Each structure stands twice: as C-alpha cells, then as structure tokens.
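Observations on the three-dimensional arrangement
Residues per chain, in single letters:
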Amino acid sequence: MNPNGAAIDAAIEARGLVKRFGEVEAVRDVSFMVPPGTVLGVLGPNGAGKTTVVRMLTTLAKPTAGTGWVLGLDVQRDATKVRASIGLAGQYAAVDENLTGRENLRLVGKLTHLSAERTAERADALLEQFNLTKAADRLVRTFSGGMRRRLDLAAALVHEPPVLFLDEPTTGLDPKGRNELWGVIRGLVGGGTTVLLTTQYLEEADALADRILVIDHGTVIAEGTSGELKSRFATTVIEVGFRDAALAERAATALAPVGDLRTKGEVVRIGVAGDASAQAMLEAVRALDSAGMEPVTMVLREPTLDDVFLSLTGHAAEEVVDTDGDDAVVTKGRGRKAKAEGGAR
Amino acid sequence: MTLVADTRAMAWRNVLNIRRNPELLVFATIQPVIFVLMFRYVFGGAIQGSLPPGQTYVNYLMPGVFVQTIVFGALTTGVGLADDLHLGLIDRFRSLPISRAAVLTGRTTADLLRNFFVVVLMMLVGFAVGWTVDTGVSAIVGAMLLLLGFAYSLSWAFAIVGLTARNSETAQAISFPFLAVMVFASSAFVPVATMPSWLQGWARNQPVSVVINAVRELTITGDASSEVFKAILWIIGITAVCMPIAVARYRRVT
C-alpha cells in the first residue's frame, strides 16, 4: 500500500533512468523493480553509477531522463512525500561531529516532525539496537568509524521509513563492523523494510540481497538472484595453490590448456564448464604431474559472485570513468577483483 | 507551517555547534582585538590630527572595529555551509521532508546569536581601552540592532559563497580579498577625507562605511538620521537580494 492507499507491487521502481553530467553519461537507461519487503543489491565497481542512481531515487538529483517511483510516488513530482517515506544512509557517515549520538538522532526526529516523546523513544531504541547506548551522550567526533557508520544508519531510521537506501554502507568498515551492520540490515528486512543497497563487495550482495543488479559504466549488465547469476554466467573453478608466487607462475604455463586461467599470488584459478569439471580436474593433475610440479592445495569449487562479476565485466584492462564523485580510478578487471576481495575479508 | 519548526530545529543544531566550540568565539575576537590595540595605541596618535576637534580617536575607532568584526565573522556562515555540503550533511537534510529554506534560515539565525556574543565581547574590549558612549544606553542598543541586522544580511550573502564554493578553504580564499577591500577601503580606521579623491566616493558610500557611520551617529553625536536610514536600506536591500539567491542555490546544489 502506498500512502494514497493503493496497492502496489513495487516499493521502488526505476524506468529508463538517465543522468548526464555535461559530456559524461553517468547512468544510461537503468530500469528495475524492487518488490516490498525485499532487498535489491546494486553491484558494481567505483564509478559505475550506483551512487547516482541512489541520488535520483532519493530526490537528491534530477534525472536527465526517465522516472523513479517510491511506494508508487513519483520521485520528482511528489518529492516531499517520497522524502517522508525513505531513509538514506550514505557512503560518508553524514552525522554532525559536534553533536552527541543522541542529539544527532533528536535532530532527525525534529526534522521529520515526530513529537518530542516519540523522538526520545526512537532514539533510545535505536541506540540500543545499534549498540551505541554507552556512547550515546558522547560527541560524535570521539566515535570510531564503525560507530559513526552505525549512527548514520540509525539516523536514517528515526522516522521508521518503509523504504531504505543504503549507499555502500560497509565500505571502509573492518570485518567486525561489517558483520554487525549486516546483522542490523537483516533485522530491518525481517521487519518488512524494503532495502536498496549498493555495494562493491560481491560477498555483501550475496549475503544480503534477494535480487542483484550488476551495473557497469552506468548500464545494467545482469540481473537475477545470486543463484541465477552464478548458474548463468559463471563456470566452476579449480583452485590450485602453491608454496609461492613464482611456482604458481610456472605452473600457470603448464595449466594453460585446461581452461580460462587467472593467477593471483600463489593461487592459480582455472574456470571450466560445470559439466566438464571432473574431466578438467584430471587434465590439470596430469599437466602438473608431467611438469613435475606439486601443488599445496587443489580444490574444485562452485562459482562465487566474484567469478560472475569477472566473467561479466571481462578481464581486459579498461578505464573506469569516475562519475560518482569518488576518486578517479583506473583499474583492470583483475585489479578490481582484488579490491573487492580485499575488502570482503 | 513547517518552516518555523524546521528553522528552530536547524538553529538548535547550529547553536549546539557553537557551544561545543567556544574557542571559535574567542578566535573570532582575536584579530579585532589586535586591531584595537594597534590602532588605539600605535596609529591612533597620528590619525587623531585628522579628526574634527573634540572627537577622540578611540570613540571613532570602535564602531569601525565592531563592523570589521561582523564582516569577517559573516564568513563563518559560508564556511559552515560549505563544510556541511562537503561532509554530506546537506544530502541528509535534503533527503528529509523539511522546508527547503530551513537549512539556511536555521544557520543564519544561529549565526545571529553568535554575532550578538561577539559584539558584546568587543564592546567590553572597547570599554577597557577607554571607549565612551555619552548618548545613553538606548544608543548602544540601537547600535547593536544595526550591527546585528547588517550581520544577518551578510550571512545570506556568504551563504551564497559557501554553497557555491563547496569547501571551506575555497570559500575563505574567494571571500578574503573582497572582504579586505570592503573593510579597509572604508571609514573604519581613518577618515575618508584623508584618502585620494578617486577612492573617496566608494569609501564614503559603500555599505560597510555607511553602517560604521550610522553607529558613530548613534554613539558619538546621538544625531541618528541620514546614515542610520541609509544603513537600514542597505540591510534590507542586501537581505532582499541575497536571500532568494541563496535559497535557489540551495535547491539546485547537488
């Protein structure tokens, strides 16, 4: 149901969204639907246009073309009503450093026109939920990065918005902070909140999202559940580990005929078609044996979203044009993957 | 009307910011205090000769210092907004169902309060170095109102600067030369009659001089008429022009 009482089948909908900044087309024709109570993960590298999509749907940026709806409300024409129904937590923790944690939440309560009693109740509940009760009356400038991020998310939830936009909520958090935040997001979804979450981390999309939208250079390049994407785009992977990187390099030459090969550090990964995986494993063993090389480990594993992303965006070197206002980055397919993995650990 | 409630909420936030950084209030007075000491005790003797007989330099100087203080202080509004933009706070506010002008009205209101404290502080400094007002308490109150009105109108001008510059360093860098011209090519420290003739027209009629002269009218002669009237017109004019421009910029800034 939207605030006008009509039943709706999409809590968030984008149709043909385009955003141009001068010559740069940051977002080109992006469309999707998020059913109520589900999580859409928008996955893509830095500069893919994720933040711009979020900014258009949260009324912060005007689409060059196309339309977005939140709970059936047009994000441009009904912007004020949309704002009352959404929560936004960004990549940069947008909390006031010179206020205490509790005061930050009170400020949002005042600005969303909750009564003083209700604001106090919500602030207490959120501080408790986000494990900030002890620090509640300390100035935010004394908070750690993880605490700020939790407070930022709490601030987005003061007015209990049915739709939540999270723009790279865990970027820059340590594994503990990330796990805590994941738990909180799962709890919110359990309570019926619809979530749109952008992330560079495949593991994160895999862990939280019902459906995943993969975007690159402002366009949707794949969409589906994590399982669908894996079965559609990825191959089974043989991972062969060696004592050191030099050995892995040498082995890579011997293993090249077996399949699609990537070497990272002391690990060689070979992508093979799922139905030929046993055959490929045998081939790999024979190739290593005849080269006289002994691996430390050798495993056959199911594809991860990581592999999907690589097979979708390709291995070739490519320039990523910065359009999200992030630092400009030039990455290779592989460099990107390394970044995603490094962060996911 | 949510504008009033939203303004109050934003002002509450900005006043808390001022209270949490009381050192900034003190810093805001350091530069003007140095000017008071320098002009009162170093240059004052030389300038005294250019003043009409019977007028003391310290009474001439202090209105200039008050206006100097609020003119440079107005930069705070722009710097604060630029910081909010830079840190993503403006995005948060813009994603909430609040009145579109509230971020600006809240900040300018809080800055008005800040200016009040700074001017009071500077008046105390004035009394300490021999500033006297023979025209009564009402003259001081009137001067305070004029100063705060001028500060308020400048807050809106610098809101535009802050929203355009988008970071505090740029906001300061583009404002400073302009502010220096406004403050020094004015009647703040020396009588305009001692300046070259090509400069006198500007120095006599630009808003900083007009407000300073109005405060002098109130605190020295007690003959508040033409300059006070002109100062009020400047305050209304600057506010009327800058307020809508600032609000329009805020709406468009992304």
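This one's a predicted model, so the numbers in the text were calculated from it and none came from an experiment.

A tally of helices and strands in chain B yields 11 helices and zero strands. Over its C-alpha trace chain B gives a radius of gyration of 19 Å, about what one expects of a compact globule, namely 18 Å for 254 residues. Taking the principal axes of the C-alpha coordinates as reference, chain B spans close to 60 × 35 × 30 Å. Residues classed as buried in chain B amount to 45% of the 254 residues present. Counting contacts in chain B only where the partners sit at least 6 residues apart, residues at least 24 apart contribute 81% of the total.

This part is about the overall build of chain A. Regarding its fold elements, chain A presents 12 helices and 16 strands. Counting every position in chain A, which comprises 345 residues, the buried fraction comes to 47%. Within chain A, counting contacts between residues at least 6 apart in sequence, those at least 24 apart form 69% of the total.

All names here are of chain A. Taking strand neighbours across the sheet as the criterion, the four strands line up as β2-β1-β4-β5 in an open arrangement whose pairing is antiparallel. Of all the strands in the sheet, the pair left with one neighbour each is β2 (24-34) and β5 (73-74). Examined bridge by bridge, strand β4 (residues 65-70) and β5 share two bridges and lie antiparallel to one another. When the bridges of β5 are listed, tryptophan 69 appears paired with aspartate 74.

What links the strands of a sheet is backbone hydrogen bonding, and the strands pair in either a parallel or an antiparallel sense. All names here are of chain A. Pairing is mixed in the open sheet, where six strands are placed in the order β6-β7-β8-β3-β9-β10. One side of each edge strand has no neighbouring strand; the edge strands of this open sheet are β6 (86-89) and β10 (219-224). Along the sheet, successive strands turn relative to each other by an average axial angle of 15°, direction set aside. Here strand β9 (residues 211-216) runs beside β10; their pairing, made up of five bridges, is antiparallel. Looking across to β10, one finds that isoleucine 215 is bridged to valine 220. The strands touched by helix α5 (residues 145-157) within the sheet are β6 and β7 (163-167), with β6 carrying the most contacts at an inclination of about 165°.

Moving on, we come to the pairing of strand β13 (residues 267-272) of chain A. Residues and elements named next belong to chain A. Pairing geometry for strand β11 (residues 236-241) and β13, over six bridges, is antiparallel. Bridged to threonine 236 within β13 is valine 272. Across five bridges, the pairing between strand β12 (residues 260-264) and β13 is antiparallel. Residue pairing for β13: lysine 264 is matched across the bridge by valine 267. Connecting β12 to the next strand, β13, in antiparallel fashion are two residues, including glycine 265 with a positive phi near 60°.

On to the interface of chain A and chain B. At the junction of the two partners, chain A supplies 23 residues and chain B supplies 21 residues. Contributions of two or more residues to the side of chain A that touches chain B are made by α2 (79-85), β6 and α3 (101-111) of chain A. Considering every element that reaches the side of chain A that touches chain B, the biggest residue donor is α3(A), with five residues. By residue class, the composition of the side of chain A that touches chain B is 12 nonpolar, seven polar and four charged.

A few words on the environment of Val184(A). Residue and element names in this part refer to chain A. Residue placement: valine 184 occurs in helix α6 (residues 175-190). Among the residues examined, valine 184 registers 19 C-beta atoms within 10 Å and is labelled partly exposed. As for valine 184 and glutamine 129, which are separated by 55 residues in sequence, their C-alpha atoms are 8.0 Å apart. With residues up to four places along the chain from it excluded, the contact list for valine 184 reads Gln129, Phe130 and Leu153.

Of the residues in chain B, 99% reach a pLDDT of 70 or more, and the chain-wide mean stands at 91. The complex model carries a pTM of 0.80, and its ipTM stands at 0.87.

Ranked by size, the top nonpolar core spans 146 residues in total, and within it Val70(A), Val67(B), Ile70(B), Leu147(B), Val211(B) and Val215(B) carry the most contacts. With 15 residues, the single largest contributor to this core is helix α7 (residues 137-165) of chain B. Apart from residues no more than four positions distant in its own chain, Leu147(B) is found in contact with Phe66(B), Val67(B), Ile70(B), Val119(B) and Val215(B). Counting 13 residues, the second largest nonpolar core, distinct from the first, contains Val237(A), Ile270(A), Val272(A) and Ala284(A).

Rules and cut-offs
Residues numbered from 1 in each chain as written. Chains lettered and ligands numbered in written order. Predicted model: local features only at pLDDT ≥ 70, side-chain atom pairs only at ≥ 80, totals over all residues. Helix = DSSP H or I, 4+ residues; strand = E, 2+ residues; numbered from the N terminus. Rg over C-alpha atoms; globule rule 2.2 N^0.38 Å. Buried ≥ 20, exposed ≤ 12 C-beta atoms within 10 Å, placed from the backbone. Contact = placed C-beta atoms within 7 Å. Pairing = 2+ DSSP bridges. Axes fitted to C-alpha atoms, helices over the stretch in contact; angles between N-to-C directions. Nonpolar A, V, L, I, M, F, W, Y, C, P; charged D, E, K, R; others polar. pLDDT = per-residue confidence, 0-100. Core = buried A, V, L, I, M, F, W, Y, C linked by C-beta atoms within 7 Å.

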